[in-house]
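Topology and contacts: notes
For reference, the chains in residue letters:
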Amino acid sequence: MSIVLGENRYGKAETRLVRVSRDGGTHSLIDFTVGVALSGDLAATHLSGDNSGVLPTDTMKNTVYAFAKEHGVGEPEEFALLLARHFVTSQPAVRAARVNVEAFGWERLGPHSFRRGGDHVRTAVVTVTVEQTEVISGVTGLTLLNSTASEFHGFVRDKYTTLPETTDRILATAVDARWRHLSDGADWAKSFDGALDALIKGFVDTYSHSLQQTLFSMGSHVLRTRDEIAEIRLVLPNKHHYLVDLSPFGLANDNEVFIAGDRPYGVIEGTVTRDDVPEALTAWYQ
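In short, a report on the structure. (Residues numbered from 1 in each chain as written. Predicted model: local features only at pLDDT ≥ 70, side-chain atom pairs only at ≥ 80, totals over all residues. Heavy atoms only, no water.)

1. Quick look at the sheet that holds strand E6 (residues 121-129)
Pairing in this open sheet of eight strands is antiparallel, and the strands run E1-E2-E3-E6-E7-E8-E9-E12 from one edge to the other. Lying at the two open borders of the sheet, with one neighbouring strand each, are strand E1 (10-23) and strand E12 (266-273). For this sheet the average axis-to-axis angle between neighbouring strands, irrespective of direction, equals 20°. Note: strand E2 (residues 26-40) against strand E3 (residues 94-103), nine bridges, orientation antiparallel. Residue pairing across strands places Val36 opposite Val99, the latter belonging to E3. (Pairing = 2+ DSSP bridges. Helix = DSSP H or I, 4+ residues; strand = E, 2+ residues; numbered from the N terminus. Axes fitted to C-alpha atoms, helices over the stretch in contact; angles between N-to-C directions.)

2. Topic: helix H3 (residues 76-90)
Here H3 is 15 residues long and its end C-alpha atoms lie 21 Å apart, about the 21 Å a rise of 1.5 Å per residue gives. Burial in H3 covers these residues: Pro76, Glu77, Phe79, Ala80, Leu81, Leu83, Ala84, Phe87 and Val88. (Expected span 1.5 Å × (residues − 1). Buried < 20%, exposed > 50% of the residue type's maximum accessible area, 1.4 Å probe, protein only.)

3. Things to note about the pattern of salt bridges
What the rule picks out here adds up to 14 salt bridges. Glu7 is paired through a salt bridge with Arg9; the nearest N and O atoms lie 2.7 Å apart. Take Glu7: its relative accessible area is 71%, and that puts it in the exposed class. The exposure class assigned to Arg9 is partly exposed, which follows from its relative accessible area of 43%. With a closest N to O distance of 4.0 Å, Arg178 and Asp176 form a salt bridge. (Salt bridge = Lys/Arg side-chain N within 4 Å of Asp/Glu carboxyl O.)

4. Structural notes on the pairing of strand E8 (residues 171-181)
Most of E8 is tucked away: 10 of the 11 residues are buried. Pairing between strand E7 (residues 133-146) and E8: 10 bridges, direction antiparallel. Paired with Leu144 across the two strands is Thr173, which belongs to E8. Pairing between E8 and strand E9 (residues 229-238): six bridges, direction antiparallel. Of the residues in E9, the one forming a bridge with Arg180 is Glu231.

5. Here's the deal with the packing of helix H4 (residues 188-204) against helix H5 (residues 211-225)
Packing of H4 against H5 leaves a shortest axis separation of 8 Å and a crossing angle of 140°. Comparing their axes, H5 and H4 come out oblique. Both H4 and H5 take part in a crossing whose hand is right-handed. Judged by residue contacts, Ala195, Ala198, Leu199, Lys201, Gly202 and Phe203 of H4 engage Thr214, Ser217, Met218, His221, Val222 and Thr225 from H5. Considered class by class, the residues forming the contact of H4 with H5 number six nonpolar, five polar and one charged. (Parallel < 35°, antiparallel > 145°, perpendicular 65-115°, else oblique. Left-handed = near helix turned anticlockwise from the far one by under 90°. Contact = heavy atoms within 4.5 Å. Nonpolar A, V, L, I, M, F, W, Y, C, P; charged D, E, K, R; others polar.)

Written out as structure tokens, the structure reads:
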């Protein structure tokens, strides 16, 4: 039997970056968490401890901060592309760089005052190799709820099934969506806003017989309205809401009072794609 080194990468995780742009008396604020992972001709450090091709992860962190000063910080995809291309072109041993960004929103309260926006987090993952570039945009933590227009019935029943069928239920989820771009030259802000609007509209406008159906509707609406997007992957936890039994108090409960369940919860996952797009560079949904 032979033992060999498999796929490997290394990098710096969760570098916190806040960039204040001071334009006279009015400031703007960017708040990112940045991760960097590099791979390539790096077997020697694993097999013999030869670090001659290893860029320290501390240097990766420093590069994030230096680039924020030297180049400024705009859209997360743009900043990730800048970093990833730098690592691939400047390091002979590096064949691929993956940079992921979480972008946290702040709402302006005044010329230099802000309030953290908490309804969702924007994400971006850029992979640059010596041959190709791939850009994945996304959103996480987008919590949506329909108080009606949702049913769930006709499902498989066995001896362990206790769930009652329903023709009127609350449907709630916290959307984790990521979409792959067809090129690396999109208008990132416009594309993100358009995809987000399409996701929300797909949820709102769907009369749902299952969360799976809603997932496909949301993904389809994104692809129909955003030509620059090749495919979209969604992870939708089912935020269960259970009717409270008010009969001990002599009260009826006509779909009005609920317990918001915490756990366990169902999770629906799926990819919606065009049938004529090129293969993804990586297993981008991981």
